[in-house]
Amino acid sequence: EVAAGRPSPAEPTVREIDHLVVGAGFAGLCTAIKLAEDGEHDFVVLEKGDDVGGTWRDNTYPGAACDVPSQLYSFSFAPNPDWTSSFSPQPEIQAYLRRVARESGTLDRFRFGTRVEDATWDDEAARWTVRATRDGASETWSARTLVVGAGGLSEPRLPDIEGIGSFAGHLFHSARWDHDVDLTGKRVAVIGTGASAIQIVPEVQKVAARLDVHQRTAPWVIPRSDRRYSALERAALRHLPGLQRAYRTGVYWARETYVPAFTFAPGIAFPARKLAEANIARGISDPDLRERVTPHFALGCKRVLISNAYYPALDADNVELVTDRIARVRPTSVVTTDGTGREVEREVDVIVVATGFHTTDLPITEHLVGRRGRTLADRWRESGMAAYKGTTVPEFPNLFLLVGPNTGLGHSSMVFMIESQVQYLREALRTMRLNAYAAVEPREDVAARWNSRLQQRMKRTVWHRGGCSSWYLDEHGRNTTLWPRTTFGFRAALRAFDTAAYAVRGAPTPAPATQ
Ligand code: N01
């Protein structure tokens, strides 16, 4: 139980608050810490789970680890000398986030076990009315600012496979791992070969009697240059903060110069492609299997995966790579078809669904209602998922989306992007405070120009031209998820709050926002 917003019989049913933050992952936590630092103490963080951590609380599958170097995958203001290796496993990241939350002194503003049901902009009051439920009871908040840090990869997407609901064994999504199911000696099917699956497969292979890996599209997998830090290194990192900063900067620039370059000129990825081919050759002895795991699209078109253990696991005797399409799931089996009508049925005890997340159709957007009375999802169904600077949206005053449209990365740390967005939020709040603005809303024309430039640039990227389909693209083939420039370019764009791009409404005489 936390103090923030705890209703008491004497309190009105609607609790007024300055800022309401949704989600307690990296984004929500960063927001809370920075709001507190700015003296903005009247805020609450509503979190449906029972802990901080977001994706790192939810993804507890065996082998879960970050594929971005640890030194970069931490807040710039909270370095972590305790990382044990260059790519941190999930429990360490979760422990880090818990520690940062505890030491920040903001935990009393977090309200766990509270699910946001909907949020509606009240134009007259220039406030958001947010309805939430906690322990079956509903509660209503009225907030000046709404910050949504609900995560871009937080809602599991289950595949639409005939009969999947009839499976009588254990079936669970990679992000909802069922730790009560012991896979030792079991017959297991893993559906998917994305970033989650390639971490899961080597762990399951070690214990399962048999493992079928259902691959629809082979991914590019390069070696993982992971290593444990020595005791000396850790001591040095602990006692010499400058060294940790240098380390972080080095990793940052190494990624920042190479990877964005091949987004526009896939030829530059040639060395990485050679590494990936060598990874296949090293890990797999069977030429037929090598052929079947070799991708037929440009490296970088989908997320480039890193693993030393994936290919050797596929090569193991108890593993079968299944490339025939899944036709249906039966109560005790998965049935595949080779396209000529020949079907193969494989009996399994457990199905792990590693099929990704809702990315361009985030469920929460169905429940955010803006100035014109329509939901964000409705707006985006018309225009495609889009925001101004990935953060604010016309029609939705005082709404800040963290990890919003076109802020994702294929090559570097999302923590960097989150910190940039939170900086923008702070500048917006400072501007509002200084000028006594009740509401700010990005202008349609400015937002449209921003997105049109972004999409023009996008057409030249490997994500569009690389010959693959991926979760980066929406149903119209537009990339509405990734940022197509450098991360420092993003930071520069969000350094200051650009009031001219906004329709502002002064206080205390509310009037309809104009452009
Ligand atoms: O999901 P994905 P993920 N039948 O969407 C297949 C981050 N992440 O959870 O390629 C059969 O990438 C699908 O096949 P195809 C990271 O940003 C980070 O693995 O579409 N197969 C694909 O193989 C990542 O990009 C870490 O043909 C079906 C797989 O399922 C994002 O999360 C670790 C299917 C889905 O891959 C998502 O990764 C893990 C169907 N009906 C994740 N539907 C880090 O280390 C889908 N597939 C930081």
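Residues numbered from 1 in each chain as written. Predicted model: local features only at pLDDT ≥ 70, side-chain atom pairs only at ≥ 80, totals over all residues.

(A) A look at the sheet that holds strand 7 (residues 170–173). Strand order in the open sheet formed by five strands is 7-16-8-9-12, and the pairing between neighbours is parallel. At either end of the open sheet lies a strand with only one pairing partner, and these are strand 7 and strand 12 (319–322). The mean angle between the axes of side-by-side strands here comes to 15°, regardless of whether they run parallel or antiparallel. Bridging between strand 8 (residues 187–191) and strand 9 (residues 210–214) involves five bridges; their strand directions are parallel. When the sheet's bridge partners are listed, Val190 is paired in strand 9 with Val213. (Pairing = 2+ DSSP bridges. Helix = DSSP H or I, 4+ residues; strand = E, 2+ residues; numbered from the N terminus. Axes fitted to C-alpha atoms, helices over the stretch in contact; angles between N-to-C directions.)

(B) Just the site of the ligand, in detail. Lining the immediate environment of the ligand, one finds 24 residues, of which Pro159, Gly192, Gly194, Thr217 and Gly356 sit closest. Element by element, the count of residues in the shell around the ligand is highest for helix 4 (residues 195–207), at three residues. Partitioned by chemical class, the residues of the shell around the ligand number twelve nonpolar, nine polar and three charged. (Near = placed C-beta within 6 Å. Nonpolar A, V, L, I, M, F, W, Y, C, P; charged D, E, K, R; others polar.)

(C) Focus on the sheet that holds strand 13 (residues 325–330). In space, the three strands of this open sheet follow the order 13-14-15, with antiparallel pairing throughout. Each edge of the open sheet is held by one strand with a lone partner, namely strand 13 and strand 15 (343–347). The mean inter-strand angle of the sheet, taken between neighbouring strand axes irrespective of direction, is 25°. As judged from the five bridges shared by strand 13 and strand 14 (residues 333–337), these two strands associate in the antiparallel manner. Each bridged residue has a counterpart across the sheet, and for Ile326 the counterpart in strand 14 is Thr336.

(D) Highlighting the packing of helix 1 (residues 26–37) against helix 11 (residues 414–435). Remark: helix 1 packs on helix 11, axes separated minimally by 10 Å, with the N-to-C direction vectors making an angle of 40°. As far as their axial angle goes, helix 11 and helix 1 are oblique. As helix 1 packs across helix 11, the resulting crossing turns out to be right-handed. On the side of helix 1, the interface is formed by Phe26, Ala27, Cys30, Thr31 and Lys34, while helix 11 contributes Met414, Val415, Ile418, Glu419, Val422, Leu425 and Arg426. Taken together, the residues of the contact of helix 1 with helix 11 sort by class into eight nonpolar, one polar and three charged. (Parallel < 35°, antiparallel > 145°, perpendicular 65-115°, else oblique. Left-handed = near helix turned anticlockwise from the far one by under 90°. Contact = placed C-beta atoms within 7 Å.)

(E) The arrangement of the nonpolar core in detail. Ranked by internal contacts, the top residues of the largest apolar core, which has 125 residues, are Leu20, Leu29, Val188 and Val190. In terms of residues, this core owes the most to one element, helix 11, which gives ten residues. (Core = buried A, V, L, I, M, F, W, Y, C linked by C-beta atoms within 7 Å. Buried ≥ 20, exposed ≤ 12 C-beta atoms within 10 Å, placed from the backbone.)

(F) Seen up close, the pairing of strand 6 (residues 137–148). As paired elements, strand 1 (residues 14–22) and strand 6 share eight bridges and run parallel to each other. Each residue of the ladder has a partner; that of His19, found in strand 6, is Thr145. The pairing of strand 5 (residues 127–134) with strand 6 spans seven bridges and is antiparallel. Looking at the pairing, Thr129 lines up with Ser142 of strand 6. Pairing of strand 6 with strand 18 (residues 399–401) involves three bridges; the strand directions are parallel. Among the inter-strand pairings, Leu146 is bridged to a residue of strand 18, identified as Leu399.

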